[in-house]
Amino acid sequence: MNDLSPDDDFEHARLLLAHDESHAFDAVVPPIAQTSLFTFGSFQEMEETYLGRRVRPTYTRGLNPTVRFFEEKLAGLEGTEDAMGFASGMGAISSTVLAFVEPGDRIVAVRHVYPDAYRLFEILLRRLKVEVTYVDGLDHDAVAKALPGARLFYMESPTSWVMDAHDVGALAGLARDHGVMTVIDNSWATPVFQKPAQLGVDLVIHSASKYLGGHSDVVAGVVAGTRASIATIRAHTYPYLGAKLSPFDAWLLARGLRTLPLRMRAHEADALLVARHLLAHEAVESVQHPGLGNALPPGLTGTSGLFSFTFREGVDVARFADALELFKLGVSWGGHESLCVPGRVVLSQNQGPNSGHAFGISPRSVRLHVGLEGAGALTADLDAAIGAATL
Ligand SMILES: *Cc1c(COP(=O)(O)O)cnc(C)c1O
């Protein structure tokens, strides 16, 4: 059967290199177009591409087949017309916001957004004369009052640390009534549990470093939305903002996406078991997990592995952290491994306009990411560490 001639070899090699051939050799995994540039066959082809009459890759900052493969997969999952990959979640957030705001604009953001998004608003946007107002996304009257005249409504649901879970469809509806464009950070829920575009949100952002990648081996971001809005963001990113996703990272993300639904169901089940265990623990004052209280807000169909809890007085958080064995001390989340961030550490770092109190963090709070090790082992690890740290 293997009777390929040198000519066939050449033909296969040509197919593998062709930018529109993502499944060369019928490979189940697409090849990585690990290249910075793409050459042209003729002056005419080059000129037509420059004039925009022909769409084909020229330079990887603009268009790369492997990156495109991931972008199309993600747009499919979010149910949007298009998507664009970025070198980080913050690259996606900053490029998206900067593509739409002008000096004199005001944006409205839900309180307790991801701390580095808050820093983008408080440091760079203020310098560009863009005003930012924060609202409690659970208070729809306050949101409706803040929206008139705003350029953009920035949402994150559930929010970092405090885990406010919003009625995303209702908030998007309020914004639409006031002609305000909506953006949401959907990293926590992923399209498996929340599809904001189908709830009326204009642009959906992910830190792909978290669940989309899922293996803690890539830093990346993505924004999904209509063809027109992604084209606007692309028009700023390609020429000069430039925080574009790289081919290898796109390939890792496409690999991660294949197991996303499976991983999310495991994170959900085990995090709920761990959260309920903590809620029943005498050393724990409260647990901030959207799946513990009342019904989930409309549109949120499941919960993930990231939540926080607050100790009662009498537990030494530093000793607790040092006594953990399975839970590693580390930032980020969304991978296979379980992680712990003590609120005290975050508070000691954040000063001035970055005050940790702005994010609703208490010195007795702890953020956990429940990975894939199994809930039994993880609750045993927490119990032992709490025992070692109770004064
Ligand atoms: C990590 C994170 C980001 C930033 O993403 P990076 O990929 O680290 O730049 C944004 N939003 C949320 C909710 C995050 O957890």
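Residues numbered from 1 in each chain as written. Predicted model: local features only at pLDDT ≥ 70, side-chain atom pairs only at ≥ 80, totals over all residues. Heavy atoms only, no water.

## Quick word on the sheet that holds strand β2 (residues 106-110)
And then number 1: Read across the open sheet, the 7 strands follow the order β1-β7-β6-β5-β4-β2-β3; overall the sheet is mixed. The sheet terminates laterally at β1 (82-86) and β3 (131-135), the two strands that pair on one side only. Across the sheet, the mean angle from the axis of one strand to that of its neighbour is 20 degrees, orientation sign disregarded.
And then number 2: As defined by bridge partners, strand β6 (residues 203-207) adjoins strand β7 (residues 221-225) across 4 bridges and the pair is classed as antiparallel. Looking at the pairing, His 206 lines up with Val 222 of β7.
And then number 3: Relative to the sheet, helix α9 (residues 227-241) contacts β1, β6 and β7, its axis offset from that of β1 by approximately 30 degrees. (Pairing = 2+ DSSP bridges. Helix = DSSP H or I, 4+ residues; strand = E, 2+ residues; numbered from the N terminus. Axes fitted to C-alpha atoms, helices over the stretch in contact; angles between N-to-C directions. Contact = heavy atoms within 4.5 Å.)

## Things to note about the site of the ligand
And then number 1: The local shell around the ligand consists of Ser 88, Gly 89, Met 90, Ile 93, Tyr 114, Glu 156, Asp 185, Ser 207, Ser 209, Lys 210, Ala 220 and Trp 333.
And then number 2: Within the contact set of the ligand, an oxygen atom lies 2.9 Å away from a side-chain nitrogen or oxygen of Ser 207.
And then number 3: The protein chains hide 89% of the 380 Å² of surface that the ligand would expose on its own.
And then number 4: Most atoms of the ligand, that is more than half of them, are within 2 Å of grid points of the largest pocket.
And then number 5: Broken down by element, the residue count for the shell around the ligand peaks at 3 residues, all from helix α4 (residues 89-100).
And then number 6: Grouping the constituent residues of the shell around the ligand by class yields 5 nonpolar, 4 polar and 3 charged. (Near = heavy atom within 4 Å. Polar contact = N/O pair within 3.5 Å; in protein donor to acceptor, adjacent residues only side chain to side chain. Areas by Shrake-Rupley, 256 points an atom, 1.4 Å probe, with all protein chains shown as cover. 1 Å grid on protein atoms, 1.4 Å probe; cavity = no way out; pocket = protein on both sides within 12 Å on 5 of 7 lines; lining within 4 Å. Sits in = over half its atoms within 2 Å of the grid points. Nonpolar A, V, L, I, M, F, W, Y, C, P; charged D, E, K, R; others polar.)

## What about the packing of helix α11 (residues 260-279) against helix α14 (residues 375-389)?
And then number 1: Close contact between α11 and α14 brings their axes to 9 Å; oriented N to C, the two are set at 30 degrees. As the angle between them shows, α11 and α14 are arranged roughly parallel. Handedness of the α11/α14 crossing: right-handed. Contacts between α11 and α14 involve Asp 270, Leu 273, Val 274, His 277 and Leu 278 from the first element and Ala 375, Leu 378, Thr 379, Leu 382, Asp 383 and Ile 386 from the second. (Parallel < 35°, antiparallel > 145°, perpendicular 65-115°, else oblique. Left-handed = near helix turned anticlockwise from the far one by under 90°.)

## Quick look at the layout of surface pockets
A water-sized probe, rolled over the atoms, reveals where empty space remains.
And then number 1: Taken as a whole, the largest pocket holds about 810 Å³ of empty space.
And then number 2: Taken together, 38 residues make up the lining of the largest pocket; nearest its centre are Tyr 114, Pro 115, Val 331, Ser 332 and Arg 367.
And then number 3: When contributions to the lining of the largest pocket are tallied by element, the ones reaching two or more residues are α4, α5 (115-127), β6, β11 (339-342) and α13 (343-349).
And then number 4: Classifying every residue of the lining of the largest pocket by side-chain character gives 19 nonpolar, 13 polar and 6 charged. (Points joined across faces, edges and corners; volume = space filled by probe spheres on them.)

## Overview of the pattern of salt bridges
And then number 1: With the rule as written, the count across this model stands at 16 salt bridges.
And then number 2: A salt bridge links Glu 48 to Arg 54; the shortest N-O distance between them is 3.3 Å.
And then number 3: We classify Arg 54 as partly exposed; its relative accessible area is 36%.
And then number 4: Here the salt bridges share partners, and the residues they tie into one network are Arg 68, Glu 71, Glu 72, Asp 82, Arg 234 and Lys 244. (Salt bridge = Lys/Arg side-chain N within 4 Å of Asp/Glu carboxyl O. Buried < 20%, exposed > 50% of the residue type's maximum accessible area, 1.4 Å probe, protein only.)

## Observations concerning a nonpolar patch on the surface
And then number 1: Taken together, the side chains of Leu 37, Tyr 59 and Tyr 238 make up a nonpolar region of the molecular surface, amounting to roughly 280 Å² of accessible area.
And then number 2: Among the secondary structure elements, Tyr 59 is positioned in the loop between α2 (43-50) and α3 (65-78). (Patch = residues over 30% accessible without salt bridge, like charges linked within 9 Å, V, L, I, M, F, W, Y side chains within 5 Å.)

## Observations regarding the UniProt feature "modified residue: N6-(pyridoxal phosphate)lysine" (unreviewed entry) in the chain
And then number 1: In the numbering used here, UniProt assigns the feature "modified residue: N6-(pyridoxal phosphate)lysine" (unreviewed entry) to Lys 210.
And then number 2: Structurally, Lys 210 can be placed in the loop between β6 and β7.
And then number 3: Among the residues examined, Lys 210 registers a relative accessible area of 8% and is labelled buried.
And then number 4: Setting aside its immediate chain neighbours within four residues, Lys 210 contacts Ser 332, Trp 333 and Gly 334. (UniProt positions renumbered as here; feature names shortened; annotations may be inferred.)

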